[in-house]
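Results of the structural survey
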Amino acid sequence: MSTATTVAPEPRAATPLNYLNVEYGWRSWLFTKDHKRIALLYLISITFYFFIGGAFAVLMRIHLIDPQGALVQPETYNKLFTMHGIIMIFFFLIPSIPSVLGNFLVPLMIGARDLAFPRLNLLSWYIYMLGGAFTMYSVIHGGVDTGWTFYTPYSSTYANSQVIPAALGIFITGFSSILTGLNFIVTIHKMRAPGMTWFRMPLFLWSMYATSIIFVLGTPVLAIALFLLFLERVFQVGIFTPALGGDPLLFQHLFWFYSHPAVYIMILPAMGVISEIVPCFSRKRIFGYKVIGFSSVAIAVLSFLVWGHHMFVTGQSIYTGLVFSALSFMVAIPSAIKVFNWTATLYKGSISYDAPMLYALGFIGLFTMGGLTGLFLASLSTDVQLNGTYFIVAHFHYIMVGGAVMGYLGGMHYWWPKISGRLYPEIWARLAAAIIFVGFNLTFFPQFMLGYLGMPRRYAFYPAEFQFLNVMSSAGASILGVGYLIPLIYFAWSMRYGPIAGPNPWGATGLEWQTPSPPPKDNFEQPPAVADEAYDYAHQEVGLV
Amino acid sequence: MAAQPIVPFRTYVLVFVALLVLVALTTGAAFIDLGPFNTVVALGIAFIKMMLVLLFFMHLLHSNKLTHVTAVAAAFWLLLLIGLVFADYTSRGWIPDPAPWSSSAPPTHP
Ligand SMILES: [Cu+2]
């Protein structure tokens, strides 16, 4: 508790003091312990990686316009999809919502001044940047060609690229996830404002809590897998290489023990965002609050029991395959519960189609498609046909781009007035949402068809009869790319020229909307207290704005 | 935060001595041929050592329920990882090799 100097009403004439203008200079940013400033540091970093990863995707889609490959050598193509996957997953998607929106919102939503461990929070950003530096080193020095999964023996016996620095980068970045997860868990347990009971928390916090469980329990196993890979490469300890007495499938077990739950690290936070946006723009309390909250925790726990569905055709025991298949079907239940509850929330609501809501509705549809196609892949028999084809590529892009990125963009639009204190241009935002939705489907729906027809993934060439669908997909990707550039431009524009937002432009419930935008350094001028459930839209004054 | 009872310094010394004795025991047991029970003995002693560290050095003996749940959850997750991985390894050989084709075509195996 620093000195609680009451900000007396003297300097009110100009812009009131907030977290953005309270201090200036690079030191005040790079040594900040303010969770809101750290969130912005993360925002800048992950945006950088998003466009780097996106550039690799653009090169791939240009290459695939021609059946013989239009742009690069096959070896280079291998590196393109590997670097696209590594950067997008470990340096954009995993930190996206937790480290930016979560960092910004967790203390605000529970009515606290900061996270429980502000220094640890800053440290996690530095660790992330250090890991990113190692990975960028490997990109500049020739890249990696193993696929983002680092499967042995590509990454061990037959490694011929910068595997060690890239793996080291991911190893290091994992610790930043662990610290963020730890920070969120302790903060949510210990720092809730008076009256903020577990069942009054916004559902975004439930999803952050569930995500944090995965961060803390799953990430160490990825670190172990990559460390063992390193041990084997450097000291010839037999772990994954049969010649040394190891088992290549052990790597896949360890890798997917983390990396399947990592899918839920990406999608659970997006689900939390949707649970905030849908009631706000339907002006209704959310349908089935407790069920949505507990389904987040159920997803977090079940996500650790299904990793073997990535190994159905790799030589895993068929009996284990049966168990993993059945367990994978079970994860569909809590996911479907959420979709049904959001839909029920929309029912008879007075819906408005502002940009965040467009992203939320897009999320519900695209996530449903991604989830249902996942069931094709969780079935032992259909997986034999579809595994390793573009069907898988389409499936997980519907989850990660159609789901996680749509959720992230929806959240960025919803909370941008809170983060920046300014409004973005609504017309442009709706247009961008529409462009992204169209571009996304044009990019990835043809890939479902390609995969079903048998086009394998990770190939630099393909038979000529697949060209039409590939050109469709590449055309969609160019539309999608434009769609992603527009928000970047108008968000930057609005920071200076956007209209002043006021504390609560959406008339939303939740503590973060009861403090000025942008929030003051210590979040609240008076310690908040909570007396009502979340999403109490029914009792809200009409026409509040 | 509930004040934790002060553990006397002697307890820590005793636990430390016990850990050293158990290390010696592990080393000694490795020199005696017990067949498959060598592993069992080594893991058994390791478990006791782990419990001593958890309960005394990491204060679990005097912690609240939430801390206990956290510790048990970590152990449970490790059990999931090891259990399901070994489920694969033990059951891989259960499927008998398929009978060869009865036709005149030579049996093909990928
Ligand atoms: Cu999976």
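Residues numbered from 1 in each chain as written. Chains lettered and ligands numbered in written order. Predicted model: local features only at pLDDT ≥ 70, side-chain atom pairs only at ≥ 80, totals over all residues. Heavy atoms only, no water.

**Concerning the overall build of chain B**
For chain B, the helix and strand inventory stands at three helices and zero strands. Order of helices (α) and strands (β) in chain B, N terminus to C terminus: α-α-α. Classification of the 110 residues of chain B by burial places 15% in the buried group. Excluding contacts between residues fewer than 6 apart, the proportion of contacts in chain B whose partners are at least 24 apart in sequence is 57%. (Helix = DSSP H or I, 4+ residues; strand = E, 2+ residues; numbered from the N terminus. Buried < 20%, exposed > 50% of the residue type's maximum accessible area, 1.4 Å probe, protein only. Contact = heavy atoms within 4.5 Å.)

**A look at the nonpolar core**
Phe-90, Phe-150, Phe-363, Tyr-414 and Trp-415 of chain A are the most contacted members of the largest nonpolar core, which totals 176 residues. In contact with Phe-90 of chain A, other than residues within four places in its own chain, are Gly-85, Pro-95, Tyr-128, Trp-148, Ile-170, Thr-173, Leu-222 and Tyr-258 of chain A. In this structure, Leu-19, Leu-22, Ile-45 and Leu-52 of chain B belong to the second largest nonpolar core, which totals five residues. (Core = buried A, V, L, I, M, F, W, Y, C linked by side-chain atoms within 4.5 Å.)

**Observations regarding the packing of helix 3 (residues 74-110) of chain A against helix 6 (residues 203-235) of chain A**
All names here are of chain A. Helix 6 packs onto helix 3 with a crossing angle of 135 degrees between their chain directions and a minimal axis gap of 10 Å. When the axes of helix 3 and helix 6 are compared, the pair comes out oblique. You can see that helix 3 and helix 6 cross each other, and the crossing is left-handed. For the pair helix 3 and helix 6, contact is made by Phe-90, Ile-94, Ile-97, Pro-98, Leu-101, Gly-102, Leu-105, Val-106, Met-109 and Ile-110 and by Phe-204, Leu-205, Met-208, Thr-211, Phe-215 and Leu-222, respectively. Along the lines of polarity and charge, the residues of the contact of helix 3 with helix 6 split into 14 nonpolar, two polar and no charged. (Axes fitted to C-alpha atoms, helices over the stretch in contact; angles between N-to-C directions. Parallel < 35°, antiparallel > 145°, perpendicular 65-115°, else oblique. Left-handed = near helix turned anticlockwise from the far one by under 90°. Nonpolar A, V, L, I, M, F, W, Y, C, P; charged D, E, K, R; others polar.)

**Brief notes about the packing of aromatic side chains**
By the definition in use, this model includes 54 aromatic pairs over all chains. For the ring pair Trp-26 of chain A and Phe-31 of chain A, a centre distance of 6.4 Å and an interplane angle of 50 degrees mean the geometry is tilted. Note on Trp-198 of chain A and Tyr-209 of chain A: the rings are 5.4 Å apart at their centroids and 85 degrees apart in plane angle, and the pair reads as edge-to-face. Note that Trp-198 of chain A is positioned in the loop between helix 5 (163-190) and helix 6 and Tyr-209 of chain A in helix 6, a separation of 11 residues in sequence. Looking at Trp-198 of chain A, the relative accessible area reads 24%, which means it is partly exposed. Judged by relative accessible area, Tyr-209 of chain A falls into the buried class, the value being 15%. In this structure, Arg-37 of chain A is placed above the aromatic ring of Trp-29 of chain A, and the distance from its NZ or CZ to the ring centre is 4.2 Å. It is Arg-92 of chain B that lies over the ring of Tyr-89 of chain B; its NZ or CZ is 4.4 Å from the centre. (Phe/Tyr/Trp six-rings, centres within 6.5 Å; stacked < 30°, edge-to-face > 60°. Lys NZ or Arg CZ within 6 Å of the ring centre and 35° of its normal.)

**Quick look at empty space enclosed by the protein**
Residue and element names in this part refer to chain A. Evaluation of the coordinates by the stated rule reveals two cavities of 30 Å³ or more. Approximately 60 Å³ is the volume attributed to the largest cavity. As for the largest cavity, its lining consists of Tyr-42, Phe-90, Ile-94, Pro-95, Ser-99, Tyr-128, Thr-173, Ser-176, Ser-177, Thr-180 and Phe-215. Those elements that place two or more of their residues in the lining of the largest cavity are helix 3 and helix 5. Volume-wise, the second largest cavity comes out at about 50 Å³. The wall of the second largest cavity is formed by Phe-90, Ile-94, Ile-170, Thr-173, Gly-174, Ser-177, Leu-222 and Tyr-258. Of all the elements in the fold, those that place two or more residues in the lining of the second largest cavity are helix 3 and helix 5. Take the lining of the second largest cavity: its biggest share by element is four residues, from helix 5. (1 Å grid on protein atoms, 1.4 Å probe; cavity = no way out; pocket = protein on both sides within 12 Å on 5 of 7 lines; lining within 4 Å. Points joined across faces, edges and corners; volume = space filled by probe spheres on them.)

**Thoughts on the coordination of the copper ion**
Coordination sphere of the copper ion, protein contribution only: His-260 of chain A (ND1), His-309 of chain A (NE2) and His-310 of chain A (NE2), at 1.8 to 2.0 Å. Residue His-309 of chain A is classed as buried on the basis of its relative accessible area, which comes to 13%. (Donors = N, O, S within 2.8 Å, 3.2 Å for Na, K, Ca; no water.)

**A look at the environment of Glu-465 of chain A**
Residue and element names in this part refer to chain A. Take Glu-465: it is sitting in the loop between helix 13 (426-453) and helix 14 (467-497). The class for Glu-465 is exposed, based on a relative accessible area of 64%. Measuring from C-alpha to C-alpha, the distance between Glu-465 and Phe-50 comes to 32 Å, with 415 residues separating the pair along the chain.

**Topic: the side chain of Lys-49 of chain B**
All names here are of chain B. Positionally, Lys-49 belongs in helix 2 (residues 37-57). Although Lys-49 is buried, it forms no salt bridge, and the closest oppositely charged side chain is Asp-33 at an N-O distance of 19 Å. Setting aside anything within four residues of it in sequence, one finds Lys-49 in contact with Leu-19, Leu-22, Val-23 and Thr-26. (Lys, Arg positive; Asp, Glu negative; His and termini not counted. Salt bridge = Lys/Arg side-chain N within 4 Å of Asp/Glu carboxyl O.)

**Concerning a nonpolar patch on the surface**
All names here are of chain B. On the surface, Phe-9, Val-13, Phe-16, Val-17, Leu-20, Val-21, Phe-57 and Met-58 cluster together into a nonpolar patch covering about 780 Å² of accessible area. Among the elements that line the nonpolar patch, the one with the most residues is helix 1 (residues 9-30), at six residues. Phe-9 gets classed as exposed once you look at its relative accessible area, which sits at 65%. (Patch = residues over 30% accessible without salt bridge, like charges linked within 9 Å, V, L, I, M, F, W, Y side chains within 5 Å. Areas by Shrake-Rupley, 256 points an atom, 1.4 Å probe, with all protein chains shown as cover.)

**A few points about the confidence of the model for chain B**
Residues of chain B with pLDDT of at least 70 account for 86%, and the chain-wide mean is 86. Both scores are available for the predicted complex, with the pTM at 0.91 and the ipTM at 0.81. (pLDDT = per-residue confidence, 0-100.)

**Some points on unusual backbone geometry**
Residue and element names in this part refer to chain A. The amide bond that connects Thr-152 to the next residue, Pro-153, takes the cis arrangement and shows omega of 0 degrees. Here Pro-153 is to be found in the loop between helix 4 (118-140) and helix 5. Cis geometry is found at the peptide bond from Ser-517 to Pro-518, where omega equals -10 degrees. Here the phi dihedral of Phe-150 falls at roughly 55 degrees; this positive angle occurs in a residue that is not glycine. By relative accessible area, Phe-150 is classed as buried at 1%. Of note, Arg-458 is a non-glycine position whose phi angle comes to about 65 degrees, a positive value. Within the element layout of this structure, Arg-458 appears in the loop between helix 13 and helix 14. What makes Arg-458 partly exposed here is its relative accessible area of 27%.

**So, the interface of chain B and chain A**
Listed as interface residues are 14 residues of chain B and, on the opposing side, 20 residues of chain A. Between chain B and chain A the total buried area reaches about 1,600 Å² when both faces are included, carbon and sulfur atoms providing 77% of it. Per-residue buried area on chain B facing chain A is highest for Trp-77, Leu-81 and Leu-84 of chain B; these three make up 39% of the total on that side. Where chain B packs against chain A, one counts one salt bridge. Here Arg-92 of chain B ties to Asp-247 of chain A by a salt bridge, and the two come within 3.1 Å at their closest N and O atoms. (Buried area = accessible area lost by both parts, 1.4 Å probe.)

**Comments concerning the pattern of salt bridges**
Residues and elements named next belong to chain A. Per the stated rule, a full pass over the model turns up seven salt bridges over all chains. The residue Lys-36 makes a salt bridge to Asp-34 at a minimum N-O spacing of 3.1 Å. Each of the two residues, Lys-36 as well as Asp-34, counts as buried. Among the ionic pairs, Arg-430 bridges to Glu-426, the shortest N-O distance being 2.8 Å. Pair noted here: Arg-430 and Glu-426 are both in helix 13, with a separation of four residues, about one helical turn.

**With respect to the domain arrangement of chain B**
You can read the domains of chain B as domain 1 (8-58) and domain 2 (62-90). Using C-alpha coordinates to define each centre, domain 1 of chain B is positioned 20 Å away from domain 2 of chain B. (Domains from an automatic or database assignment.)

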